[in-house]
Amino acid sequence: MRIGFHIPTEGGWHKTLQRALGRRCETLQVFVGAPVQWRSLRPRADGAAEWREGLRRHDIGPVFVHANYLVNLASTEAALWRRSIRRLARDLRHAALLGAEGVVTHLGSPRAENPRSLEWCLARVAAAVDAALERAEVEVVLLLENSAGMGSAVGSAYEHLGEIIGRSRHPDRLGVCLDSAHSFAAGYAWHLPEGLDAALDEADRAFGLGKLRLLHVNDSKTPLASHVDRHWHIGKGHIGSCGFRVIVNHPRLRHLPMVMETPEASLEADLRNLRALRRCIPAAWRPPFRP
Ligand SMILES: [Zn+2]
Ligand SMILES: [Zn+2]
């Protein structure tokens, strides 16, 4: 088990590493460029080398890149869909430069006024994923993240992630990232031992738990099956600290890197969330807090 945060990258890679160290990150996730702008600059070779060396020196890893939020792999608009493929390919290439193991992407949604069948959406996403992987030509794994099922968002059922992987020409280059808050909002009772067991059995049948490479650990501000994606502070939401005790100690999950995307993201709020999560883990398995 390695625990970390989504770390903002404002101010450059040196500053990003300092932020990660302040938050005791053992693993982390970043955006490359602003999350809601199409433009993104290629990380400079010297900055990227220094970043990779810093990660190695401080034993931080694995590292993940979260794809840009504008990316919509299920878009019904041809121009937006193609632009999403180009941007995802760029995020994959930039992730390789930064020494990341994977790029996490949301699957997107067709426009509400232009609804499409589930079948159409899954085929659309699988085609986009293949196009981005072929364009990027890097070793980095693309992780499909499950959704809360807000609006017409694709990927709230684990089965859909499995369907997309099954349709891809590159299943070996695909993995899965499950988000605790999204799973809970989609109706999977992750906060209860029997609920989490059932959810993981379903995930295993859908895509094989060997594909699961990363957990996003976020509490949920909205109730079970609300289909509303609102991340909340660990232990303060509807999953609660009893729920996180079930999640982080589960034998099928506890080996995975766990990244928090909790609100505020100030040092103080992040350290509070880190303490709350670590309180859920028995001291015997917990490496000591590094100074
Ligand atoms: Zn997430
Ligand atoms: Zn979310």
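Scroll up a little and you will see the structure.
Remember, it's a predicted structure, so these values are computed and weren't measured experimentally. (Residues numbered from 1 in each chain as written. Chains lettered and ligands numbered in written order. Predicted model: local features only at pLDDT ≥ 70, side-chain atom pairs only at ≥ 80, totals over all residues. Heavy atoms only, no water.)

**Considering the overall build of the protein**
Stage number 1. Within the protein, the secondary structure is distributed over 9 helices and 10 strands.
Stage number 2. On C-alpha atoms alone, the protein measures out to a radius of gyration of 18 Å, which is about the 19 Å that the 2.2 N^0.38 rule sets for 291 residues.
Stage number 3. Considered along the principal axes of its C-alpha atoms, the protein spans approximately 50 × 50 × 30 Å.
Stage number 4. Look at the contacts in the protein between residues 6 or more apart in sequence, and 76% of them connect residues 24 or more apart.
Stage number 5. Here the protein contributes 39 positively and 31 negatively charged side chains, and the mean placements of these two sets differ by 6 Å. (Helix = DSSP H or I, 4+ residues; strand = E, 2+ residues; numbered from the N terminus. Rg over C-alpha atoms; globule rule 2.2 N^0.38 Å. Contact = heavy atoms within 4.5 Å. Lys, Arg positive; Asp, Glu negative; His and termini not counted. Charge placed at Lys NZ, Arg CZ, Asp CG, Glu CD.)

**Thoughts on the sheet that holds strand β3 (residues 63-66)**
Stage number 1. One closed barrel accounts for 8 strands, arranged β1-β2-β3-β4-β5-β6-β7-β10; its pairing is parallel. Across this sheet, the average inter-strand angle for adjacent strands is 30°, counted without regard to direction.
Stage number 2. Sheet topology note: the strand β6 (residues 174-179)/strand β7 (residues 212-216) ladder contains 4 bridges and is parallel. Looking across to β7, one finds that D179 is bridged to H216. (Pairing = 2+ DSSP bridges. Axes fitted to C-alpha atoms, helices over the stretch in contact; angles between N-to-C directions.)

**Concerning helix α4 (residues 118-136)**
Because an α-helix packs 3.6 residues into every turn, residues spaced three or four apart end up facing the same way.
Stage number 1. Taking 1.5 Å of rise per residue, 19 residues should cover 27 Å, and α4 covers 27 Å from first to last C-alpha, within 8% of that figure.
Stage number 2. Of the positions making up α4, those classed as buried are C121, L122, R124, V125, A126, A128, V129, D130, A132, L133 and A136.
Stage number 3. Elements that come into contact with the buried residues of α4 comprise α3 (78-97), β5 (141-145), α5 (158-167) and β6. (Expected span 1.5 Å × (residues − 1). Buried < 20%, exposed > 50% of the residue type's maximum accessible area, 1.4 Å probe, protein only.)

**A few points about the packing of aromatic side chains**
Stage number 1. Under the counting rule described, the total for this entry stands at 4 aromatic pairs.
Stage number 2. Between W13 and W51, the aromatic rings sit 5.1 Å apart at their centres with planes inclined by 55°, giving tilted as the arrangement. Remark: W51 occurs in helix α2 (residues 45-57) and W13 occurs in helix α1 (residues 13-22); sequence separation between them is 38 residues. We note that W13, like W51, is buried.
Stage number 3. Consider the rings of Y158 and F207, whose centres lie 6.4 Å apart with planes at 70°: the pair is edge-to-face. Placement of Y158 in helix α5 and of F207 in helix α7 (residues 193-207) is noted, with a sequence separation of 49 residues between them. No difference in accessibility class separates Y158 from F207, as the two residues are buried.
Stage number 4. Over the ring of W120 we find R116, and its NZ or CZ is 4.7 Å from the ring centre.
Stage number 5. One Lys or Arg, K221, reaches over the ring of W232 and ends 4.3 Å from the middle of that ring. (Phe/Tyr/Trp six-rings, centres within 6.5 Å; stacked < 30°, edge-to-face > 60°. Lys NZ or Arg CZ within 6 Å of the ring centre and 35° of its normal.)

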